[in-house]
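# Inside the fold
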Amino acid sequence: TYMFMHAGFLHLLFNMMVLHFAGRLFETYFTQKQLFGVYVLGGLFSGVVFLLSFILIDKDATLVGASGAIMAVLIAVATYAPFMQIRLMLIGVVKLWHVAFVIVFLDLIQMPVDNSGGHLAHLAGALFGFLYIRLLQKGTDLSKGISKIQEFVENIGKPKKKTPFKKVHVNKQKSTSFTAQEKNVNQKKIDDI
């Protein structure tokens, strides 16, 4: 549940702005269900990496915010379309991979200085986004499980659609072919009617 809580209003506002930016870019190439799947799985992956790393180094830290999940979405779309041009205020036009690189680089250099758990979660989310796209390009969509759960939840309480009867009957008797003369006689009968 850590990814649904934030440390303050500005933390929530900044995360939602980046999610809006990254989500719209992601939906340019993928579906909303895939976006939701990457978001949830990226958040879970970030949380697990955070827990394992802090258990291994025996340190106490707090993890809060959706940043890891949002990084998964941003890096996923940057991995898929790195040369997409983005217009940024006061900077101009840059490629999407430039934006992703700067954000990942900032997390790397800030990790030893301050909030190492948060930056570790960001990097774990970025790793998940990268791996998600690489596996998707090889034919494995990790978000299918989340999509199936989402469809199940959406269909709770809805009446099931009945499928129409679709049985096909095949005539197993040999078909009789008519000669040209018989066809002409049949056509004359039809014309007379």
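Since the structure is predicted, the reported quantities are computational estimates derived from the model, not experimental observations.

## Regarding the overall build of the protein chain
In terms of helices and strands, the protein chain carries seven helices and two strands. Taken from N to C terminus, the helices and strands of the protein chain fall in the order α-α-α-β-β-α-α-α-α. Relative to the globule expectation of 16 Å for 193 residues, the C-alpha radius of gyration of the protein chain, 28 Å, shows a markedly less compact shape. With respect to the three principal axes, the spread of C-alpha positions in the protein chain is 100 × 40 × 30 Å.

## Some details on the pattern of salt bridges
Applying the stated criterion across every chain, the model contains two salt bridges. Asp 192 serves as the salt-bridge partner of Lys 188, at 3.9 Å between the closest nitrogen and oxygen. Here the residue Lys 188 and the residue Asp 192 both occupy positions in helix H7 (residues 180-192), the gap between them amounting to four residues, near one helical turn. Judged by its relative accessible area of 59%, Asp 192 falls in the exposed class.

## With respect to the packing of helix H3 (residues 67-80) against helix H4 (residues 96-110)
With their axes 9 Å apart at the nearest point, H3 and H4 run at an angle of 140° to one another. By the angle between their directions, the pair H3 and H4 is classed as oblique. Note that H3 runs across H4; the crossing there is left-handed. Seen from H3, the contacting residues are Met 71, Leu 74, Ile 75, Val 77 and Ala 78; seen from H4, they are Leu 96, Ala 100, Ile 103, Val 104 and Asp 107. Counted by class, the contact of H3 with H4 contains nine nonpolar, no polar and one charged residues.

## As for the side chain of Ser 67
Following the sequence through the fold, Ser 67 ends up in helix H3. The exposure class assigned to Ser 67 is buried, which follows from its relative accessible area of 13%. Among the polar contacts made by the side chain of Ser 67, one reaches the side chain of Asn 15 at a distance of 3.0 Å. Of note is the side chain of Ser 67, whose polar atom sits 3.3 Å from the side chain of His 122. Sequence-distant contacts of Ser 67, that is, excluding residues within four places in its chain, are made with His 11, Asn 15 and His 122.

## Remarks on the packing of helix H2 (residues 32-56) against helix H5 (residues 116-137)
Viewed as axis vectors pointing N to C, H2 and H5 meet at an angle of 135°, and their least axial separation amounts to 8 Å. With respect to H5, the axis of H2 lies oblique. Note that H2 runs across H5; the crossing there is right-handed. Residue-level contacts link Gln 34, Val 38, Leu 41, Gly 42, Phe 45, Ser 46, Val 49, Phe 50, Ser 53 and Phe 54 of H2 to Ser 116, Gly 117, Leu 120, Ala 121, Ala 124, Gly 125, Leu 127, Phe 128, Tyr 132 and Leu 136 of H5. Here the contact of H2 with H5 is composed, by residue class, of 13 nonpolar, seven polar and no charged.

## What to know about H5
With 22 residues, H5 extends 32 Å between its outermost C-alpha atoms, agreeing within 8% with the 32 Å of an ideal straight helix rising 1.5 Å per residue. Positive phi shows up at Gly 139, right after H5, with a value of about 105°.

Rules used in this analysis
- Residues numbered from 1 in each chain as written.
- Predicted model: local features only at pLDDT ≥ 70, side-chain atom pairs only at ≥ 80, totals over all residues.
- Heavy atoms only, no water.
- Helix = DSSP H or I, 4+ residues; strand = E, 2+ residues; numbered from the N terminus.
- Rg over C-alpha atoms; globule rule 2.2 N^0.38 Å.
- Salt bridge = Lys/Arg side-chain N within 4 Å of Asp/Glu carboxyl O.
- Buried < 20%, exposed > 50% of the residue type's maximum accessible area, 1.4 Å probe, protein only.
- Axes fitted to C-alpha atoms, helices over the stretch in contact; angles between N-to-C directions.
- Parallel < 35°, antiparallel > 145°, perpendicular 65-115°, else oblique.
- Left-handed = near helix turned anticlockwise from the far one by under 90°.
- Contact = heavy atoms within 4.5 Å.
- Nonpolar A, V, L, I, M, F, W, Y, C, P; charged D, E, K, R; others polar.
- Polar contact = N/O pair within 3.5 Å; in protein donor to acceptor, adjacent residues only side chain to side chain.
- Expected span 1.5 Å × (residues − 1).

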